Amino acid sequence: MQYLTSQVFLLEGRGFIKNKIAIYFDCSNKKIKMLSYSYLVWLLIFLVTPLLFMWVFYQKLLRHYAHIFVVNGLLVVFGLIWDNWGTAHRLWSFPSGSNVGYRFLYLPIEEYIAFGVLFTFMVTALTIIILSYSKVTK
Amino acid sequence: MNLHYLYLVSFLIIILPSFIILFYLGHKRLSKYWHVPLYVGGIGFIFAASEGIAFNWQLWADNEKYILPYRFLNAQIETYLLNFLLFTAIACSTVIMVKRKPRPLYTRRR
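Residues numbered from 1 in each chain as written. Chains lettered and ligands numbered in written order. Predicted model: local features only at pLDDT ≥ 70, side-chain atom pairs only at ≥ 80, totals over all residues. Heavy atoms only, no water.

Explain the environment of Tyr5(B) to me, please; I cannot follow it from the model alone.
Residue and element names in this part refer to chain B. Locating Tyr 5 in the fold gives a position in the segment before helix H1 (6-32). Of the residues examined, Tyr 5 reaches a relative accessible area of 39% and is grouped as partly exposed. Tyr 5 sits 29 residues away from Trp 34 along the chain, and the two C-alpha atoms are 29 Å apart. (Helix = DSSP H or I, 4+ residues; strand = E, 2+ residues; numbered from the N terminus. Buried < 20%, exposed > 50% of the residue type's maximum accessible area, 1.4 Å probe, protein only.)

Below is the structure:
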């Protein structure tokens, strides 16, 4: 049932959006309202904010290891291929109402920003900072 | 194959070989700093929960055929495992590269 309603939503997704709010029916036919910028808001809270804090307080340390961010970013390309494959085969999907609506291949632009750039940067920065405080275990 | 395992199997196929390569390349460095990827992996659990709470995964319209029927804080069980493994893998790669340098920043000089 959930699958069917999501199909309908995806087909008519943009038509449902009124004043930046998407109206969506879940599996129990309960009406849910969702902002079309909810993915961006989540990015801002859980990825951009911690990254900014880490950058402000550990700028010197993170700049020293700038090349590692690039290498880890390249590794996540495999993850993006997997993400595209999953979306193409309908293992999961991104309903039009939850993102701004611009897509490249099968994924919304936010997914590339989140998964390919911000997510990798955050985990790498976090590891470098923890590593700078940690001692060698024997 | 039971289709409920498809999501789980699909990311394990990508992540497990990368772990084998990472341990092959940097097992000496990782044996000294094994706790760091574990800490970072733990933060991956919090991250997965944040996804579940923020999006109420039903809105992502996940196809029920391909996932296990277990959820915690609205996020699927596979999402927790995926985030843990992904965070740990990126942390392992970072540890290997940081500790490759002969004189990293902020180490004490004798």
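Please explain the packing of aromatic side chains as it appears in this structure.
Aromatic ring pairs are defined here through the distance separating the ring centres and the angle between the ring planes. Residue and element names in this part refer to chain B. If you walk through the whole model with that rule in mind, you get 14 aromatic pairs over all chains. Taking the centre distance of 5.4 Å and the plane angle of 55° together, the rings of Phe 47 and Phe 87 count as tilted. Highlighted residues: Phe 47 in helix H2 (residues 35-55) and Phe 87 in helix H3 (residues 77-98), separated in sequence by 40 residues. For the pair formed by Phe 47 and Phe 87, the shared burial category is buried. Members of the aromatic cluster, connected to one another through ring pairs, are Phe 45, Phe 72, Tyr 80 and Phe 84. (Phe/Tyr/Trp six-rings, centres within 6.5 Å; stacked < 30°, edge-to-face > 60°.)

Would you mind showing me how to read the side chain of Ser50(B) here?
By the element assignment, Ser50(B) lies in helix H2. Residue classification places Ser50(B) among the buried positions, given a relative accessible area of 5%. Separated by 2.7 Å, the side chain of Ser50(B) and the backbone oxygen of Phe47(B) make a polar contact. With near-sequence residues (within four places) excluded, Ser50(B) lies in contact with Trp42(A) and Phe46(A). (Polar contact = N/O pair within 3.5 Å; in protein donor to acceptor, adjacent residues only side chain to side chain. Contact = heavy atoms within 4.5 Å.)

I tried to follow the packing of helix H4 (residues 66-88) of chain A against helix H5 (residues 109-133) of chain A on my own but got confused; where do I start?
Helix packing geometry: the angle between the two helix axes and the distance between the axes. All names here are of chain A. At a minimum axis separation of 9 Å, H4 and H5 run at an interaxial angle of 140°. Looking at the two axes, H4 sits oblique to H5. For the pair H4 and H5, the crossing hand works out as right-handed. Where H4 approaches H5, its residues Ile 68, Phe 69, Asn 72, Gly 73, Val 76, Gly 79, Leu 80, Asp 83 and Asn 84 are matched on the opposing element by Glu 111, Tyr 112, Phe 115, Gly 116, Thr 120, Phe 121, Thr 124, Ala 125 and Ile 128. Looking at the contact of H4 with H5 residue by residue, the class counts come to 9 nonpolar, 7 polar and 2 charged. (Axes fitted to C-alpha atoms, helices over the stretch in contact; angles between N-to-C directions. Parallel < 35°, antiparallel > 145°, perpendicular 65-115°, else oblique. Left-handed = near helix turned anticlockwise from the far one by under 90°. Nonpolar A, V, L, I, M, F, W, Y, C, P; charged D, E, K, R; others polar.)

Any chance you could explain the confidence of the model for chain B here in plain terms?
Parts of the model with low pLDDT should not have their predicted coordinates read in detail. In this model, chain B carries an average pLDDT of 81, and 82% of its residues clear a pLDDT of 70 or more. Overall fold confidence for the complex sits at a pTM of 0.77, while the interface term, ipTM, reaches 0.80. (pLDDT = per-residue confidence, 0-100.)

Honestly, H4(A) in this entry has me stumped. Any pointers?
Because each turn of an α-helix spans 3.6 residues, side chains separated by three or four positions end up pointing in the same direction. The end-to-end C-alpha distance of H4(A) is 34 Å, a good match for the 33 Å that 23 residues give at a rise of 1.5 Å each. Along H4(A), the helix axis deviates most sharply at Phe78(A), where the bend reaches about 25°. Along H4(A), the residues classified as buried are Ile68(A), Phe69(A), Asn72(A), Val76(A), Gly79(A), Leu80(A), Trp82(A), Asp83(A), Asn84(A), Gly86(A) and Thr87(A). Considering only its buried residues, H4(A) is in contact with helix H3 (59-64), strand E3 (103-104), strand E4 (107-108) and H5 of chain A together with H1 and H3 of chain B. Note on H4(A): the residue one or two positions beyond its end, Arg90(A), has a positive phi of about 60°. (Expected span 1.5 Å × (residues − 1). Bend = angle between axes of the 7 residues up to and from the residue.)

Hey, could you run me through H1(B) in this one?
Of all the bends in H1(B), the greatest measures close to 90° and is centred on Gly26(B). Restricting attention to buried positions, one finds in H1(B) the residues Leu6(B), Tyr7(B), Leu8(B), Ser10(B), Phe11(B), Ile15(B), Phe19(B), Leu22(B), Gly26(B) and Leu30(B).

Is there a simple way to think about the environment of Trp42(A) in this case?
One can find Trp42(A) in helix H2 (residues 38-57). Separated by 57 residues in the primary sequence, Trp42(A) and Asn99(A) have C-alpha atoms spaced 11 Å apart.

Looking at this model, I keep getting lost on unusual backbone geometry. Mind explaining?
The bulk of non-glycine residues show a negative phi, and the bulk of peptide bonds are trans. Here the phi dihedral of Leu105(A) falls at roughly 55°; this positive angle occurs in a residue that is not glycine. Along the chain, Leu105(A) turns up in the loop between E3 and E4.

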